[in-house]
Number of protein chains: 2
Amino acid sequence: MKLKDMYTFVKKDLQSIEAELERSVSSAHPLLQQSGTDLLKAGGKRIRPVFVLLSAQYGDYDADKVKKAAAALELIHMASLVHDDVVDDADIRRGRRTIKSQYDDKIAMYVGDFIFARALQLMSEIREPAAHQILAEGIREMCLGEIQQIKEQFDTEQNVRQYLRRIKRKTALLIAMSCQLGAIASGAPVSVQRNLYEFGYNAGMAFQLTDDILDFTSTEKELGKPAGGDLKQGNLTLPALYAMYKVPGLKEKIMDYYAGKGELKPLLAAVKESGAIEFSAKASAAYLEKAVVAANMLPNHAARTSLLKIAGYIGRRKF
Amino acid sequence: MKLKDMYTFVKKDLQSIEAELERSVSSAHPLLQQSGTDLLKAGGKRIRPVFVLLSAQYGDYDADKVKKAAAALELIHMASLVHDDVVDDADIRRGRRTIKSQYDDKIAMYVGDFIFARALQLMSEIREPAAHQILAEGIREMCLGEIQQIKEQFDTEQNVRQYLRRIKRKTALLIAMSCQLGAIASGAPVSVQRNLYEFGYNAGMAFQLTDDILDFTSTEKELGKPAGGDLKQGNLTLPALYAMYKVPGLKEKIMDYYAGKGELKPLLAAVKESGAIEFSAKASAAYLEKAVVAANMLPNHAARTSLLKIAGYIGRRKF
């Protein structure tokens, strides 16, 4: 079953969110118009807005309000990717050239800021003080995550705890907030808000772990960007950390590679042969299991089935 | 009379805003703690929070709410300076090394994002939907201004209208919003909100025009950064635009300089001798006059005297 097919439940609302996103990135400024349209066309799984829409089913569904929150969260995600690509020096994402590669780092900084400002404009129409507080706190954490990533880049001495905190800030929090804000925007009970947050957090951790596995196991065609990019760019993810711990001498070889000596290919092979992929897959499955537990504590509702299907998909997907 | 002496009216509140700013930039992360503290220590005129405090006098002054808005606006200003310095490749500001020079562009991008997120956290405690909408719209305009600045950098064909739109977005809007949000946060009547916005907008234009004049007429010691930096960095301000229009051959010489031929010094001298300084000072005075008109439409209040004194100061200051 494909991801799109799991979206049928919210298909119509998702279409109007796509229209809202188009409106939001549209600008009289040609550069912004172009880069905004490019970002939207590049697609993406739209997991955050879908989670907002599904979570909102647990309350008194106000389509307009919920759609605005959904679009805002996708815009925040988009803005963070634009800034991410600056930090990661990434030229390709989803098979397209990144903003920083098409223009430069400075333009990318402000395109990110602009998209983020658009997200704030949408959010400002939602009159739920709690939503604003949660979002502001979450954005702060995301920034800390990025700064942490810059600091820990190429640091072969880091531990798994640092990695987990990084992916929590980088990915899991925004997905958790998507679920929580969907519930808040529709006035769902606090207990439901909390369970949805728990669900989103754990699904998000599984999602990022899977992403980090696929960076080793997938092809460039499947990923839409060169495989092995994380290791190459000094982004040491769980598979690399596990392999460095298990394979004698690998850490030194990776350090040599970062010092300009040796090739990337044998390092990628060593990580794959170390059992790191299986270990990381187990970690992802453990988070997914926690997501299922949280979802099962929610009231029975058709939305729950969709949430679980999507979480299962993103935690196990092959690309 | 010094600027500080004009602040006596709000001195006590301003002190507690300083404390709020310190709390806001404090972080467990050493890099953030250091750069935040550095930014605060570098000082600044704190014009935006002072305008918030003074404007709030026109309503039912809720000290806690107003102080949060004031601190948030100063943080937004600080965040924008950090991103500005990346775009301008500026190494020195207020006599200190900029974040981008101490670390790098990427760190500066996220330090800016972090400070901005802190501002959002403060704002999220203010439950005035109108305030959030105004702020989000204003931040969007500020981003557009930065993108416009990148695009128009080194563009010797630009006109004065482009310059004015740039300084509106870069400076005047945030000052206008400071006045408006102060009034909104204290529940002042809409007509007062509008007049304060008008006042702030025009005072802000005069302020930036004066800033751009001083970049030609002041010394490095007075400015806290090298003089002539605007022209050097391709930021073509009113004095340069006027001089290029008046002095035959100057535009070509500036273009040559940007192409790597010739010296900066004779260009700066040519601008100063062209009458551009006097012309720009008149433009600044005209905006200041409009600010006075707007202020005079406000109800009689001691705050008005302070607003006018400060506007007069920032529009006429020598450094």
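Anything mentioned here points back to the structure above.
Predicted model only: the values in this text are computed from it and were never measured.

Draft legend 1. Layout of the overall build of chain A. Looking only at helices and strands, one finds 17 helices and two strands in chain A. Rg of the C-alpha trace for chain A: 19 Å, near the compact-globule value of 20 Å for 319 residues, within the 12% margin. Taken along its principal axes, the extent of the C-alpha atoms in chain A is 60 × 45 × 35 Å. Per-residue burial for chain A yields a buried fraction of 60% across its 319 residues. Within chain A, residue pairs in contact and separated by at least 24 positions form 75% of the contacts whose partners lie at least 6 positions apart. For chain A, the accessible area works out to roughly 13100 Å², and carbon and sulfur atoms hold 52% of it. Computing the positive centroid from 45 side-chain charges and the negative centroid from 39, chain A places the two 3 Å apart.

Draft legend 2. View of the packing of helix α3 (residues 30–41) of chain B against helix α7 (residues 105–123) of chain B. Residue and element names in this part refer to chain B. Viewed as axis vectors pointing N to C, α3 and α7 meet at an angle of 75°, and their least axial separation amounts to 11 Å. Comparing the axis directions of α3 and α7 gives the class roughly perpendicular. Contacts between α3 and α7 involve L31, L32, S35 and L39 from the former and I107, V111, F114 and I115 from the latter. Taken together, the residues of the contact of α3 with α7 sort by class into seven nonpolar, one polar and no charged.

Draft legend 3. Structural detail: the packing of helix α10 (residues 190–217) of chain A against helix α16 (residues 276–296) of chain A. Residues and elements named next belong to chain A. Running from amino to carboxyl end, α10 crosses α16 at an angle of 160°, the nearest separation of the two axes being 8 Å. In terms of orientation, α10 and α16 fall into the roughly antiparallel class. Seen along the crossing, α10 lies across α16 with a hand that is left-handed. Across the interface between the two elements, N195, E198, F199, N202, A203, M205, A206, L209, T210, I213, F216 and T217 from α10 touch I277, S280, A281, A283, S284, Y287, L288, K290, A291, A294 and A295 from α16. Looking at the contact of α10 with α16 residue by residue, the classes come out as 15 nonpolar, six polar and two charged.

Draft legend 4. Inspection of helix α7 (residues 105–123) of chain A at higher detail. Residue and element names in this part refer to chain A. An ideal rise of 1.5 Å per residue puts 27 Å on 19 residues; α7 measures up with 27 Å between its terminal C-alpha atoms. Burial analysis of α7 places 18 of its 19 residues in the buried class, which makes it a mostly covered element. For α7, the N-terminal cap is D104; the gap from its side-chain oxygen to the backbone nitrogen of K106 is 3.0 Å.

Draft legend 5. Up close: the packing of aromatic side chains. Residues and elements named next belong to chain A. Taken as a whole and judged by the stated rule, the model has nine aromatic pairs over all chains. Relative to Y258, the ring of Y257 lies with its centre 5.8 Å away and its plane at 50°, an arrangement referred to as tilted. The exposure class assigned to Y257 is buried, which follows from its relative accessible area of 17%. Within the aromatic cluster, the residues linked to one another by ring pairs are F154, Y257 and Y258.

Each value, and the rule that gives it
- Residues numbered from 1 in each chain as written.
- Chains lettered and ligands numbered in written order.
- Predicted model: local features only at pLDDT ≥ 70, side-chain atom pairs only at ≥ 80, totals over all residues.
- Heavy atoms only, no water.
- Helix = DSSP H or I, 4+ residues; strand = E, 2+ residues; numbered from the N terminus.
- Rg over C-alpha atoms; globule rule 2.2 N^0.38 Å.
- Buried < 20%, exposed > 50% of the residue type's maximum accessible area, 1.4 Å probe, protein only.
- Contact = heavy atoms within 4.5 Å.
- Areas by Shrake-Rupley, 256 points an atom, 1.4 Å probe, with all protein chains shown as cover.
- Lys, Arg positive; Asp, Glu negative; His and termini not counted.
- Charge placed at Lys NZ, Arg CZ, Asp CG, Glu CD.
- Axes fitted to C-alpha atoms, helices over the stretch in contact; angles between N-to-C directions.
- Parallel < 35°, antiparallel > 145°, perpendicular 65-115°, else oblique.
- Nonpolar A, V, L, I, M, F, W, Y, C, P; charged D, E, K, R; others polar.
- Left-handed = near helix turned anticlockwise from the far one by under 90°.
- Expected span 1.5 Å × (residues − 1).
- Polar contact = N/O pair within 3.5 Å; in protein donor to acceptor, adjacent residues only side chain to side chain.
- Phe/Tyr/Trp six-rings, centres within 6.5 Å; stacked < 30°, edge-to-face > 60°.

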